[in-house]
Amino acid sequence: PAGWVGPPPRRYAALLLIALGLLGNIMLLGGLVSIVVWVAVTLGVLYAYFKWAPEYYEEQGQPYPSWLEDLGNIVRVGTSMEELKEAMHKGGEALQQESRDVVGSLPLGKSALQGMDSTAKAVKQGVGSLTAGKTAEGG
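This one's a predicted model, so the numbers in the text were calculated from it and none came from an experiment. (Residues numbered from 1 in each chain as written. Predicted model: local features only at pLDDT ≥ 70, side-chain atom pairs only at ≥ 80, totals over all residues. Heavy atoms only, no water.)

### Let's talk about the overall build of the chain
Each helix and strand in the chain was counted, giving 4 helices and 0 strands. Helices (α) and strands (β) of the chain occur, in sequence order from the N terminus, as α-α-α-α. Counting over 139 residues, the chain shows a buried share of 13%. Pairs at least 24 residues apart make up 36% of the contacts formed inside the chain by residues separated by at least 6 positions. A total of about 11,000 Å² of accessible surface is found on the chain, and carbon and sulfur atoms cover 67% of it. (Helix = DSSP H or I, 4+ residues; strand = E, 2+ residues; numbered from the N terminus. Buried < 20%, exposed > 50% of the residue type's maximum accessible area, 1.4 Å probe, protein only. Contact = heavy atoms within 4.5 Å. Areas by Shrake-Rupley, 256 points an atom, 1.4 Å probe, with all protein chains shown as cover.)

### Some thoughts on the environment of Leu 17
Its location among the elements puts Leu 17 in helix H1 (residues 8-27). Take Leu 17: its relative accessible area is 45%, and that puts it in the partly exposed class. Not counting residues within four places of it along the chain, the set of residues in contact with Leu 17 comprises Leu 46 and Phe 50.

### Focus on unusual backbone geometry
What is expected of a backbone is that most residues other than glycine have negative phi and most peptide bonds are trans. If you check the backbone angles, Leu 108 has positive phi at about 65° while not being a glycine. Topologically, Leu 108 is positioned in the loop between helix H3 (81-105) and helix H4 (109-137).

### Topic: the confidence of the model for the chain
Mean pLDDT for the chain: 79, with 83% of residues reaching 70 or above. Within the chain, helix H2 (residues 32-60) carries the highest mean pLDDT (87), whereas H4 carries the lowest (78). Predicted confidence is poor over residues 1-6, with pLDDT under 50, and the contacts of this stretch with residues over four places away or in other chains come to 3 contacts. (pLDDT = per-residue confidence, 0-100.)

### Quick look at the pattern of salt bridges
If you walk through the whole model with that rule in mind, you get 3 salt bridges. Measuring nitrogen to oxygen at the nearest pair gives 3.1 Å for the salt bridge that ties Glu 86 to Lys 90. With Glu 86 and Lys 90 both in helix H3 and 4 residues apart, the pair spans about one turn of that helix. Residue classification places Glu 86 among the partly exposed residues on the basis of a relative accessible area of 44%. (Salt bridge = Lys/Arg side-chain N within 4 Å of Asp/Glu carboxyl O.)

### Some thoughts on the side chain of Ser 34
Mapped onto the elements of the fold, Ser 34 is located in helix H2. On the accessibility criterion, Ser 34 (15% relative accessible area) is buried. For Ser 34, the side chain forms a polar contact with the main-chain oxygen of Gly 31, separated by 2.9 Å. (Polar contact = N/O pair within 3.5 Å; in protein donor to acceptor, adjacent residues only side chain to side chain.)

### Topic: the nonpolar core
Generally speaking, soluble globular proteins have nonpolar side chains that are buried together. Core analysis: the largest hydrophobic core is formed by 8 residues, namely Ala 13, Leu 16, Leu 20, Tyr 49, Phe 50, Ala 53, Tyr 57 and Leu 68. For this core, the secondary-structure elements that each account for two or more residues are H1 and H2. Sorting elements by how many residues they give to this core places H2 first, with 4 residues. Leu 20 has contacts with Trp 38, Thr 42, Val 45 and Leu 46, leaving out every residue within four places of it along the chain. (Core = buried A, V, L, I, M, F, W, Y, C linked by side-chain atoms within 4.5 Å.)

### Brief notes about a nonpolar patch on the surface
Taken together, the side chains of Tyr 12, Leu 15 and Trp 67 present a nonpolar region at the surface, about 290 Å² in accessible area. Examined against the element boundaries, Tyr 12 turns out to sit in helix H1. (Patch = residues over 30% accessible without salt bridge, like charges linked within 9 Å, V, L, I, M, F, W, Y side chains within 5 Å.)

Next comes the structure, spelled out in structure tokens:
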């Protein structure tokens, strides 16, 4: 449907988390026992959805259904500067693309993006010619 963001598994994961959150709000009115029951059910559902089901399909050698999402390898933490630099670069590119999509959807957003792109291109050419001139002059 129009308005959904991200690949299909994300919408199902989002609906699952929203449903669990709304149930949690309802359970707050029921007292301590209902909160404990909600915590147990929520932990079970999250484990089944994000951990058990992906591992099950992986063991069976079957592709994931369209509604399933895997958390990935959350145990491994990168410690090298190269991994950090790559992750920040990817994050920056994703943020830039998301920002461009938001601005492009606004009225006059596409023309503003075209203006920014042409300005950035002109600045890069100007900086390139300035730095080329300095290296040619030896300064």
